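Here is how the chains run, residue by residue.
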Amino acid sequence: MSEAMLREAMRLHQAGQLGDAARLYTAILQATPRHFQVLYLLGFVHFQHGDFAQAERMIGDALKINPRSPDAFYNRGCALQALQRNEEAIACFDAALALKSDYHDAATNRGSALMALRRFDEAIASFSRTLAAAPRDTEALSNRGTAYFALKNYEAAAADYAALLSFAPDYRFAKGNLVLARSYCCDWSHLPQDMTELSAAIRTGAPVLQAHASTLLCSSPKEQLSAARVWVQTMCPPSPQELWRGERYGHDKIRLAYLSADFHDHATAYLIAGVLEQHDRNRFETVGVSFGPDDGSLMRARVQHSFDRFIDGRGQSDAGIAAQLRRMEIDVAVDLKGFTQEARPGIFAQRFAPVQVNYLGYPGTMGANYIDYIIADRTLIPNEHRVFYSEKIALLPDSYQATDSKRAIAEREPTRTEDGLPDHGIVFCSFNNLYKITPAIFDIWMRLLRGLEGSVLWLLDDNEAAVRNLKREAQARGVAPERLIFAPRVAQSEHLARQRLADLFLDTLPCNAHTTASDALWAGLPVLTCMGTTFAGRVAASLNRAIGLSEMVVESLGAYEVEALALARDPARIAALKAKLARNRENYPLFDTARYTSNLEAAFAAMCGRAREGKAPEDFAVEAGQ
């Protein structure tokens, strides 16, 4: 082997001329096949090209020759991470740290691999190892904040994000993460200034707010679209080499794939299980792709058995899943996650199917050119809002939201005393996640409690910090903290049954109740909502209209407060609403799973038909009974 040849290969490599470097490395290996450095460097070239499987193999071969290289262990670990082989990646990072105890990048990446395995406490320890020696390591600090967030320690998460911003004010998405963490623990002390700063940054196109966070925090559909586009550009850009390249399929049945991390005991599964079972097997061949946990629940088994084919994608890379689905010639691929927790939009970024759809799990535009359609309805996306969606819009005739008419409600209804509620007096309820509560909404709720002696507000017990902060905010508004009653999480059937103890469900803005509104209506609890300005802020209005309770949709927060007070002072009206809801549940479209499934299938068939004709996606509406 010529040393001059190796030096030239390394020069080309450092100059970014990867192809030329790879050819020289390969030539050297033909003469000296067990050359550690060349094997390692050629493996690293493959890593830089995104060929992680070949990179892992070659660096692994190099380590068999020299198992004392911390850098080789580190980069093999990075390749294994990219392949979703996180357990093996952790072993590599451990080996790198054993050889070089101050290898901060190895400790940080080890934490990231642990996070992917949902071992958040261990991840925090790994990030903290880096931060003990390098307190300004931006990646470790950001990731530790995210791990704290996953453990619902939102105050610790906020502290890490704030520390990060103190010395790296432009670190991508840190400002938005800080605002979100504060919202999750109902810390509103900085909210007006935070939102002003976020809006200004979004308008400049800065990577400041995660797309999903924008659906929770922003009242502007324009800002949500901008945030989504920046998120896609930064985190999950389209692949330069699309897997589907215009081929037209002519399958007898439409091959329909649903991709999700939520095929277990999760809100999305509770919504869609009935639809999956109702699909017309004469017209559709269904595939489920799961990349979330198998919790062994009845819901997991039910969903898994509802598909013609079920693929457990844990441990597979985005590219690997996309390639498998391309080989299966999927006609319509449905993303049930969007950008919500554990989403994997990188699969869809490979463009593996002729039609790719944003549906159900994500309440807004994805801002991605590899997503063709969004499923909505006329309430969610009125004509004047269409410009704020990158997708073409497929409108269903009733409500966009799938529902399952088989959802069980526990036979035994608890007493108010058993759930910590007063025997008498109005019980207002809002079982939304606490981060959806804003000061403007809370102000209204506290005025209602002050005006109605004996009334209480029943909320979900989500995290200690939020409970503490809400009680403090109530006290500051002249309401005794004990009038806020927090319900623990219980099994779904029990949760539905206990909602019958409440008098009225009060919705939130800018992000409405979604599955929680469906739950309340199914249980027979009327939902009062205010029409918002975004998809996420109009969901409860869509559901109310589909159950025949349009009178429970108001257009302003002022009207919302007036109506809530009027209802609370008129128990006969509430009783009449509950009776109407019970009647309508049986004969209105919201909970008619068969009707809904037929409408959804009509939408998928229209999308597929256009693709098979070589036509571009376009807006369309499914008419009732189509």
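A short tour of the structure in this document, coming up. (Residues numbered from 1 in each chain as written. Predicted model: local features only at pLDDT ≥ 70, side-chain atom pairs only at ≥ 80, totals over all residues. Heavy atoms only, no water.)

The subject of this paragraph is the sheet that holds strand β13 (residues 553-554). The 6 strands are arranged β10-β9-β8-β11-β12-β13 in an open sheet whose pairing can be described as parallel. This sheet does not close on itself; its edge strands, each paired only once, are β10 (484-487) and β13. Two elements, strand β11 (residues 504-506) and strand β12 (residues 527-530), share 2 bridges in a ladder whose sense is parallel. Paired with Phe505 across the bridge in β12 is Val527. Taken strand by strand, helix α24 (residues 557-568) contacts β8 (427-430), β11, β12 and β13, and its axis lies near 160° from that of β12. (Pairing = 2+ DSSP bridges. Helix = DSSP H or I, 4+ residues; strand = E, 2+ residues; numbered from the N terminus. Contact = heavy atoms within 4.5 Å. Axes fitted to C-alpha atoms, helices over the stretch in contact; angles between N-to-C directions.)

Here we come to the pairing of strand β3 (residues 309-312). Of the pairings in the sheet, the one linking strand β2 (residues 284-290) to β3 comprises 4 bridges and is parallel in character. Residue pairing across strands places Gly288 opposite Phe310, the latter belonging to β3. Following the chain from β2 across helix α16 (residues 298-306) to the adjacent parallel β3, one finds a crossover that is right-handed. (Right-handed = clockwise from strand over helix to strand, strands pointing away.)

This paragraph deals with the sheet that holds β3. A sheet is described by the order of its strands in space; here 8 strands give the open sequence β3-β2-β1-β4-β5-β6-β7-β14, paired in parallel fashion. A single partner strand is all that each edge strand has here, and the edge strands are β3 and β14 (620-621). One ladder, built from 2 bridges, connects strand β7 (residues 392-396) with β14; its direction is parallel. Among the inter-strand pairings, Leu395 is bridged to a residue of β14, identified as Ala621.

This part takes up helix α15 (residues 267-278). Of all 12 residues in α15, 9 are buried; the element is thus mostly enclosed. By the burial criterion, the buried members of α15 are Thr268, Ala269, Tyr270, Leu271, Ile272, Ala273, Gly274, Val275 and Leu276. Buried residues belonging to α15 abut β1 (254-260), α16, α21 (492-498), α22 (515-523) and α26 (593-612). (Buried < 20%, exposed > 50% of the residue type's maximum accessible area, 1.4 Å probe, protein only.)

With that settled, the discussion passes to the side chain of Asp331. Tracing the chain through its elements places Asp331 in the loop between α17 (318-327) and β4 (332-335). Judged by its relative accessible area of 2%, Asp331 falls in the buried class. Of note is the side chain of Asp331, whose polar atom sits 2.8 Å from the backbone nitrogen of Arg255. Setting aside chain neighbours within four positions, we find Asp331 in contact with Tyr249, His251, Lys253, Ile254, Arg255, Ala353, Pro354, Val355, Cys608 and Arg612. (Polar contact = N/O pair within 3.5 Å; in protein donor to acceptor, adjacent residues only side chain to side chain.)

Ring pairs (aromatic) are described by centroid distance and by the angle formed between their planes. Summed over all chains, the structure comprises 22 aromatic pairs. Seen from their ring centres, Phe339 and Tyr362 are 5.3 Å apart, and the 80° between their planes marks the pair as edge-to-face. With Phe339 in the loop between β4 and α18 (345-348) and Tyr362 in the loop between β5 (355-358) and β6 (373-377), this pair connects stretches of sequence that are 23 residues apart. A centroid spacing of 5.3 Å and a plane angle of 80° characterise the contact between Tyr400 and Phe535, whose relative ring orientation is edge-to-face. (Phe/Tyr/Trp six-rings, centres within 6.5 Å; stacked < 30°, edge-to-face > 60°.)

Limitation: the analysis is restricted to geometry and does not speak to function.
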